[in-house]
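Here's the letter readout for the chains.
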Amino acid sequence: MVSKRLIREAGHRRKFLAVIDETPECERAVAYASRRAKTTGGALVLLFVIETAEFQHFLGVEAVMRQEATATAQAALDAAAATVRSRHGIEPELAIREGTKAGEIHKLIEEDQDIAILVLAAGAAKEGPGPLVASIAGKGAAFPIPVTIVPYNLTDEDIDSLA
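Notes on the structure follow. Each chain carries its own residue numbering, running from 1 in the written order of its sequence. The model is predicted, so local features are restricted to residues of pLDDT at least 70 and side-chain atom pairs to those at 80 or more, both for listing and for counting; the totals for chains, interfaces and linings are taken over all residues. Working from all heavy atoms in the structure, the side-chain values ignore hydrogens and water.

## Some thoughts on the overall build of the chain
Each helix is a run of DSSP H or I of at least 4 residues and each strand a run of E of at least 2, with the numbering of both proceeding from the N terminus. Across its full length, the chain carries 5 helices and 5 strands. Each helix and strand of the chain, placed in order from N terminus to C terminus, yields the pattern β-α-β-α-β-α-β-α-β-α. In the chain, of all internal contacts separated by at least 6 residues, the share reaching a separation of at least 24 is 74%. Contact criterion: two residues are considered in contact whenever any of their non-hydrogen atoms come within 4.5 Å of each other.

And the structure:
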């Protein structure tokens with residue numbers, strides 16, 4: 001169960017959440033989420049989750065690995081934010097979390113009661129649509145807010161016409 005969303009109360013507006021990672025489809029999710037935020041007067045949150053399981057295998061270099069992962073996350077968020085600013089003229093909120101992607105998405109949704117829609121993009125790989133999209137089908141990982149899944153093959157023109 002998710003806490004009450006506050007988007008209908010004074011001083012609040014609907015936020016679209018997009019996850020930044022190193023998959024090619026993430027750019028499609030950001031494009032759609034930013035376009036929807038702009039056309040609906042909403043806001044955009046970009047989240048990068050650093051998977052901490054990698055650090056536990058190399059205890060001696062954990063601090064260095066964490067610093068490098070944080071720098072990579074910040075660079076990816078900065079690049080995505082720059083694209084959003086130049087294409088849509090909106091300023092996204094940026095968040096870096098450590099943990100599992102699904103777990104940190106759940107936590108952020110619970111903490112920020114203005115986040116009302118999670119936007120993911122389905123991958124085009126033969127392995128399937130991607131782990132986050134696949135997790136929606138599972139009972140334990142289902143997200144507590146509506147999820148929009150953007151097909152990987154949508155062009156910017158397609159997204160403009162749909163968003």
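## A few points about helix α3 (residues 101–111)
For the exposure calls, accessible area comes from a 1.4 Å probe over protein chains only, and a residue counts as buried if that area is under 20% of its type's maximum, exposed if over 50%, partly exposed in between. If you check which residues of α3 are buried, you get K101, E104, I105, L108 and I109. Angularly, the buried residues of α3 cover 140° about the axis, an arc narrow enough to put them on a single face. Directions from the helix axis toward the C-beta atoms define the arc.

## Points about the packing of helix α1 (residues 26–40) against helix α2 (residues 62–88)
Lines fitted to C-alpha atoms define the axes, with helix axes restricted to the stretch in contact, and inter-axis angles between N-to-C directions lie between 0 and 180 degrees. Where α1 meets α2, the axes come as close as 10 Å, and the angle between the chain directions of the two elements is 45°. Looking at the two axes, α1 sits oblique to α2. At the point where α1 passes α2, the crossing takes the right-handed sense. Note on element contacts: α2 touches α1 through V84, R87 and H88, opposite E27, V30, A31, S34, R35 and K38. Note on residue classes: Ala, Val, Leu, Ile, Met, Phe, Trp, Tyr, Cys and Pro are nonpolar, Asp, Glu, Lys and Arg are charged, and everything else, Gly too, is polar. Here the residues of the contact of α1 with α2 are counted per class, giving 3 nonpolar, 2 polar and 4 charged. We call two directions roughly parallel when the angle between them is under 35 degrees, roughly antiparallel when it is over 145, roughly perpendicular when it lies between 65 and 115, and oblique otherwise. What makes a crossing left-handed is the near helix being turned counterclockwise from the far one by less than a right angle; a clockwise turn instead makes it right-handed.

## Describing the pattern of salt bridges
Each reported salt bridge corresponds to a side-chain nitrogen of Lys or Arg within 4 Å of a carboxyl oxygen of Asp or Glu. Counted according to the given criterion, the structure contains 12 salt bridges. The salt bridge partner of K107 is E104, with a shortest N-O separation of 3.2 Å. One end of the pair, K107, and the other, E104, are both in helix α3, 3 residues apart, so they sit about a helical turn from each other. The partly exposed category is assigned to K107, whose relative accessible area is 46%. Owing to a relative accessible area of 6%, E104 belongs among the buried residues under this scheme. What you see here is one network of salt bridges that share partners, running through E27, R28, R87 and D156.

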